[in-house]
Amino acid sequence: MASTLLTLALALPAALASNNGLARTPQMGWNTWNHFGCGISEDTILSAAKAIISNNLTAYGYEYVIVDDCWHAPARDPSTGAPLADPDKFPNGIKDVADKVHDMGLKFGIYSSAGTYTCGGRFGSLDHEEIDAQTYASWGVDYLKYDNCYNEGRAGTPKISYDRFNNMSRALNATGRPILYSMCNWGEDGPWNFAVDIANSWRISGDIHDDFDRFDDRCPCTDILDCKLPGFHCAMSRIIDFAAPVGQKAGPGHWNDLDMLEVGNGGMNFDEYVTHFSMWALVKSPLILGNDVTNMSNDTLTIITNDAIIAVNQDPNGSPANRIWKRTLPEGGNLQLWQGSLVNNQFVFALMNTSPNPQTVNVSFTDVFVDQGPSYQSGTFTLYDLWQKDLSTGAWGLNLGEFKGSVPSVQVGSHQTKVWKAVPVSTSQRRDRAGL
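Residues numbered from 1 in each chain as written. Predicted model: local features only at pLDDT ≥ 70, side-chain atom pairs only at ≥ 80, totals over all residues. Heavy atoms only, no water.

Caption draft 1: Fine view of the overall build of the protein chain. Assigned secondary structure in the protein chain consists of 14 helices and 16 strands. Relative to the globule expectation of 22 Å for 436 residues, the C-alpha radius of gyration of the protein chain, 22 Å, shows essentially globular dimensions. Classification of the 436 residues of the protein chain by burial places 56% in the buried group. Sequence-distant contacts, at least 24 apart, represent 70% of the contacts inside the protein chain between residues at least 6 apart. The averaged location of the 47 negative side-chain charges in the protein chain is 5 Å from the averaged location of its 31 positive side-chain charges. (Helix = DSSP H or I, 4+ residues; strand = E, 2+ residues; numbered from the N terminus. Rg over C-alpha atoms; globule rule 2.2 N^0.38 Å. Buried < 20%, exposed > 50% of the residue type's maximum accessible area, 1.4 Å probe, protein only. Contact = heavy atoms within 4.5 Å. Lys, Arg positive; Asp, Glu negative; His and termini not counted. Charge placed at Lys NZ, Arg CZ, Asp CG, Glu CD.)

Structure representation (structure tokens):
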């Protein structure tokens, strides 16, 4: 009977994966890989979970605790073929860790690869999708990050990649447990086209590196739409470039994933991490922390708990910001203007400076509201600076007053990003009268 039900479930439409009720806004949480790599254990996971609670990060939406690569035993169970955990790193097993994470009110995630091996050389899930999905469900897994290493060459066209990743999507659906499916195929074969109906998110590029703009030949592509080798060691600002054309493919339940956050890992300065966090939020990437949450500076906490920026990411409209323009500067780098729609006829826009020098810019509403048309371009808006606090309340989002036509003489520092929320004055007045 059980096998019959499994067969029937696997035959259901693949669209169930992205319509599983999960990730209606981009997922938020923490992952082991960026900081710890393979150096993980039960204590690593549980200590991080406790730190998430003690730092009150759940109040900001961080809920998933995700174990990345290298949790595996040397081999699968020889009698059943089921995955097993490393008995030295996880002496009480994965289910015990998941149960303890759940007892803290958090959700638990795990990692595998759609290949014969994971990227760290452990056993992968290729052709073991059903037994692995069933095992993960029995462990209480809530989230699967599914990588792309050692894929036996089963890539090269969207259909080939779709079939390989859909096998796990169908297997997860068949378990009957809600498991967020986070594909990590690095943008290979254009997942923004083929994964919308089978995954809750998909990586768009090679792995991030904790650097603002350093070029690295291991991340060779300049255009993600025709990228033949996604690679790794991709600088943060390069991934923002990669994200610009594909935002149109994302929405509630299915998101472009720009990779895990590097905020707090030390490779960038405060302004660069602000740019990193801001732009991930604006384009509606999952916000998955990748630092040591048990040992965070005040600067790191300040950035990752900016609830005004997080609100942009979690806005129920689910509309990623679009890049309006990108202007190359003679000293190197560029200026970029991005804009996105929020609920209740509100908007967010950002000015990013990747150049080595500070810049002064007049931000024209003709540009900001190019998609909305003349009535908005000539309108008056109350602007809130989302990286300044209201001194009277301590809340992020300082009211800068009313602006018509432009934001004049904006000073934006090197590698800095300014982010504003724009509310039409008529809307602002209604909110004021309502006491909101």
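Caption draft 2: Focus on the pairing of strand β4 (residues 143-147). Here β4 lies mainly inside the structure; 5 of its 5 residues are buried. Residue alternation in β4 divides its side chains into two sets, Y143, K145 and D147 and L144 and Y146, and both sets are buried. Looking at chain direction, strand β3 (residues 107-113) and β4 are connected through 5 bridges and run parallel. Considered in β4, the bridge of S112 is made with Y146. On the question of chirality, the crossover connecting β3 to the parallel β4 by way of helix α5 (residues 129-139) is right-handed. Pairing of β4 with strand β5 (residues 180-183) involves 4 bridges; the strand directions are parallel. Pairing of L144 across the sheet is with Y181, part of β5. Where the polypeptide runs from β4 across helix α6 (residues 158-175) and back to β5, its parallel neighbour, the crossover connection is right-handed. (Pairing = 2+ DSSP bridges. Right-handed = clockwise from strand over helix to strand, strands pointing away.)

Caption draft 3: A look at the side chain of H254. With respect to the helices and strands, H254 occurs in the loop between α8 (236-243) and β7 (255-257). For H254, a relative accessible area of 18% puts it in the buried group. At a separation of 3.2 Å, a polar atom in the side chain of H254 contacts the main-chain carbonyl oxygen of P252. (Polar contact = N/O pair within 3.5 Å; in protein donor to acceptor, adjacent residues only side chain to side chain.)

Caption draft 4: Highlighting the sheet that holds strand β14 (residues 396-404). In spatial order, the strands read β9-β10-β11-β16-β13-β14; together these 6 strands make up an open sheet with antiparallel pairing. A strand with exactly one partner marks an edge of an open sheet, and here the two such strands are β9 (322-328) and β14. Strand-to-strand, the axes of this sheet are offset by a mean angle of 20°, without reference to chain direction. The pairing of strand β13 (residues 380-389) with β14 spans 7 bridges and is antiparallel. Bridge assignment links D385 to a residue of β14, and that residue is L398. Across the face of the sheet, α8 comes into contact with β9, β10 (334-342) and β11 (346-353) while running at roughly 55° to β10. Contacting β10, β11, β13 and β16 (417-424), helix α9 (residues 270-282) runs over the sheet at an angle of about 40° to β16. (Axes fitted to C-alpha atoms, helices over the stretch in contact; angles between N-to-C directions.)

Caption draft 5: Highlighting empty space enclosed by the protein. Applying the stated criterion across every chain yields a total of 2 cavities of 30 Å³ or more. A volume near 90 Å³ is recorded for the largest cavity. Forming the walls of the largest cavity are N31, I66, Y143, K145, S182, M183, C184, R203, D257, D259, M260 and I288. Going through the elements one at a time, β4 and β5 are the ones with two or more residues in the lining of the largest cavity. (1 Å grid on protein atoms, 1.4 Å probe; cavity = no way out; pocket = protein on both sides within 12 Å on 5 of 7 lines; lining within 4 Å. Points joined across faces, edges and corners; volume = space filled by probe spheres on them.)

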